[in-house]
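Each chain is listed here by its residues.
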Amino acid sequence: KRLHGSSCTGILLRDSLPLLLDWLDSRQLLCSADFWLEWLELLALDDLVNPSDVLLAGQVVQRFLSRPSQLDDRIRLGEALEVLWEKGGSVTAYPGMLEIIELLLEESQPGQHMLQKLWLVLQGFAVNRWARLELSQRYLTKSLAGEILGQDCEANFPRALTQDVDSENSAFGPAAMAGKTLAIYSLTEGAARRAKAVLEDMFAGLDVELNHDHTATPTLLHLAKKASYFLFVAGSAKHQAFYPVSRIRQDLIYPLGRGASSIIDAFCNYCSDNSLS
């Protein structure tokens, strides 16, 4: 049965979504892609505008992508995300939408045109509010634009803004990071790779090493011992890797999410709190 109904019913369903997500996770229950698509469309079409909608949408999209789906479903997914963003997009919600874009990039089903269409909507928002975005968000926006649009990046992403990003590299002095190594552990390889590229651009002299091992391999343990900083993406990790690493290091940095945006923010916040930049 479809979830859409009266406005009163819609509000009740919408408010119950966080509880439903927790309940399903605690019981390790799986639902169909169509089920999650209905929830996403409910969020998109609701008259209420809530900044947390984008974060909820990210959890729904993650579950949708974990289940088999059809190309038509993916088209509906993109349309729902466009409506959701046009309804409630904001600078505050922008990092959450970047994480959704990365989720779509990570999975391999067809629908690249949908992703490009959605990205251009988000990119237009970023261009219009460029000065209000965090520096790390500008770097990641530039990186994602190149990855999604490819050779069309320069034509669709204003060169003046990419130059603006490059010119602000001096915001992070090279002296503090010269010879330092940041280790990033994550099983979401694409997000870790994007974070590496952005952080090495932002912090002159910083060397970022990635690890995606499922167990505590000698390579992972050696990295845990030698790295100046260790960022552990708990939302994309194996327990067999976490416990040995956490015994070696008590100073692990944990991002809130699994996307590059969360990884970059976690390290920038750590640097700011510890006066490293």
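Placed above this text is the structure.
This report concerns the structure included in the present document. Note that this is a predicted model, so its numbers are computed, not measured.

A word on the overall build of the protein
Moving on, step 1. When helices and strands are tallied, the protein shows 13 helices and three strands.
Moving on, step 2. Expressed as a percentage of its 277 residues, the buried residues of the protein come to 47%.
Moving on, step 3. Counted over contacts in the protein with a minimum sequence separation of 6, partners at least 24 positions apart contribute 72%.
Moving on, step 4. Approximately 13,400 Å² of the protein is accessible, and the part contributed by carbon and sulfur atoms is 53%.

With respect to helix α5 (residues 94-106)
Moving on, step 1. With 13 residues, α5 ought to run about 18 Å at 1.5 Å a step, and its terminal C-alpha atoms sit 19 Å apart, in line with that.
Moving on, step 2. Among the 13 residues in α5, 12 count as buried, and that is most of the element.
Moving on, step 3. Those residues of α5 that are buried are in contact with α3 (53-65), α4 (71-88), α6 (112-128), α7 (135-149), α10 (189-202) and α13 (260-273).

What about the pattern of salt bridges?
Moving on, step 1. Summed over all chains, the structure comprises 14 salt bridges.
Moving on, step 2. Across the salt bridge formed by E82 and K117, the nearest N and O atoms sit 2.7 Å from each other. Separated by 35 residues along the polypeptide, E82 in helix α4 and K117 in helix α6 bring together distant segments of the chain.
Moving on, step 3. With a shortest N-O distance of 2.8 Å, E147 and R194 are connected by a salt bridge.

Describing the nonpolar core
Moving on, step 1. L104, W119 and F267 are the most contacted members of the largest nonpolar core, which totals 72 residues.
Moving on, step 2. Among all residues touching W119, those that are not within four sequence positions of it are Y94, L98, I101, T141, L144, A145, I148 and L149.
Moving on, step 3. Within the second largest apolar cluster, 11 residues are counted, among which are Y185, A224, A241 and V245.

What counts, and where the lines are drawn
- Residues numbered from 1 in each chain as written.
- Predicted model: local features only at pLDDT ≥ 70, side-chain atom pairs only at ≥ 80, totals over all residues.
- Heavy atoms only, no water.
- Helix = DSSP H or I, 4+ residues; strand = E, 2+ residues; numbered from the N terminus.
- Buried < 20%, exposed > 50% of the residue type's maximum accessible area, 1.4 Å probe, protein only.
- Contact = heavy atoms within 4.5 Å.
- Areas by Shrake-Rupley, 256 points an atom, 1.4 Å probe, with all protein chains shown as cover.
- Expected span 1.5 Å × (residues − 1).
- Salt bridge = Lys/Arg side-chain N within 4 Å of Asp/Glu carboxyl O.
- Core = buried A, V, L, I, M, F, W, Y, C linked by side-chain atoms within 4.5 Å.

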